Amino acid sequence: MSAVSDRLPVFPWDKLEPYKKTAAAHPGGIVDLSVGTPVDPVPELIQKALVDAADSPGYPTVWGTPALRDAITGWLERRLGARGVTHRHLLPIVGSKELVAWLPTQLGLGPGDRVAFPRLAYPTYEVGARLARASSEAYDDPTALDPEGLRLLWLNSPSNPTGRVLAKDELTRIVAWARAHDVLLASDECYLELGWEADPVSVLHPDVNGGSLDGIVAVHSLSKRSNLAGYRAAFLAGDPAVLGPLLEIRKHGGMMTSAPTQAAVVAALSDDAHVHEQRERYAARRALLREALLGHGFRIEHSEASLYLWATREESCWDTVAHLAALGVLVAPGDFYGPAGDRFVRVALTASDERVRAAVDRL
């Protein structure tokens, strides 16, 4: 019997280890701009909410507390312009990555079913299809796909890795196409609060979906906006006909967010000030890194949103990784996100101000 792990590609980040060692040997130390993990402190009000809920001896619920669901609905309406969202339209998840990886399986997809995702994309979309034994394919325009057997269509705006933002009219066209062909549309919107040269729009907005959430779900995370990657805090919102069965499956599987984390999420979603403060930090780092990369001979594509700069020196991405590693700067090779990225690198904004200045000086 084939092990489940045999279905999976080599974990991409393992390939970066030799370059990480090279960068770490730099006299000034490594500047790690590869993974994109938050480094700034968790806001105090969120830490306080977590501590206040630390005495939680009982099991949490998979659906979350009413206070958590109220906080999510309030944020969806206030920040995304969603309308008519109720608790039935929500599902807390244990970080967004587990949902992406296990959604095809939990939807009951398998051999003969197809999952589609952008040509340049977060690798876990493909991993989710493989775990379910479904087929997968990358697209440039999803509406050009053959809808036969297509069961799940992933969108990602703002994009990881490119930072590209899909315009409202483009989202509207894709939603209409997916509905016409009875394809579930899942929109990964984890970077939606981090638009720089564009204002990202959610598929949950009525201008996009015509006032109906039928056939669509959107994934949101607090990892980047609130520095909560270590909390594993995220949620899914959209069609109750999809979320209801997922809730039952996840109850059986024990896929529940811890009670202290739920309390922390309530605090995080109820406060916008800390999000604005974090945005300003990232905006300043982005401006410095962008100027330094351009001055070093890079060309930057898209990158109008998200936490990355998508950059190229018009050479193999691994040559660029090696070049920067020699300067003590570690970045992600573009082919981690698909063959179309083989001449690009992804440069994360998630390093301290001091480390970003070090990278700028070296460039």
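Scroll up a little and you will see the structure.
Calculation notes
- Residues numbered from 1 in each chain as written.
- Predicted model: local features only at pLDDT ≥ 70, side-chain atom pairs only at ≥ 80, totals over all residues.
- Heavy atoms only, no water.
- Buried < 20%, exposed > 50% of the residue type's maximum accessible area, 1.4 Å probe, protein only.
- Helix = DSSP H or I, 4+ residues; strand = E, 2+ residues; numbered from the N terminus.
- Pairing = 2+ DSSP bridges.
- Axes fitted to C-alpha atoms, helices over the stretch in contact; angles between N-to-C directions.
- Contact = heavy atoms within 4.5 Å.
- Left-handed = near helix turned anticlockwise from the far one by under 90°.
- Nonpolar A, V, L, I, M, F, W, Y, C, P; charged D, E, K, R; others polar.

Draft legend 1. The arrangement of the pairing of strand 10 (residues 308–312) in detail. The buried count for strand 10 comes to 5 of 5 residues, which makes it a mostly enclosed element. Going residue by residue along strand 10, you find Tyr308, Trp310 and Thr312 tucked away on one face and Leu309 and Ala311 tucked away on the opposite face as well. Inspection of the sheet shows strand 9 (residues 299–301) paired to strand 10 by 3 bridges, in the antiparallel sense. What sits directly across from Ile300, in strand 10, is Ala311.

Draft legend 2. Structural context of the sheet that holds strand 6 (residues 184–188). On the basis of which strands lie adjacent, the open sheet formed by 7 strands has the order 2-8-7-6-5-3-4 and mixed pairing. Each end of this open sheet is capped by a strand with a single partner; those strands are strand 2 (90–93) and strand 4 (135–139). Geometrically, the sheet is characterised by an average inter-axis angle of 20 degrees between neighbouring strands, direction not taken into account. Relative to strand 8 (residues 234–238), strand 7 (residues 216–221) is paired through 5 bridges, and the arrangement is antiparallel. Paired with Ser221 across the strands is Ala234, a residue of strand 8. Taken strand by strand, helix 3 (residues 66–80) contacts strand 2, strand 7 and strand 8, and its axis lies near 110 degrees from that of strand 2. Running at roughly 40 degrees to strand 2, helix 8 (residues 240–253) makes contact with strand 2, strand 6, strand 7 and strand 8 of the sheet.

Draft legend 3. Up close: the packing of helix 4 (residues 96–106) against helix 5 (residues 124–131). Across the interface, helix 4 lies against helix 5 with an axial gap of 7 Å and an inter-helix angle of 35 degrees. Crossing of helix 4 over helix 5 shows right-handed handedness. The residues of helix 5 that touch helix 4, namely those facing Lys97, Val100, Ala101, Trp102, Pro104 and Thr105, are Thr124, Tyr125, Gly128, Ala129 and Leu131. Residues that form the contact of helix 4 with helix 5 fall into these classes: 7 nonpolar, 3 polar and 1 charged.

On their own, these measurements won't tell you what the molecule is for.
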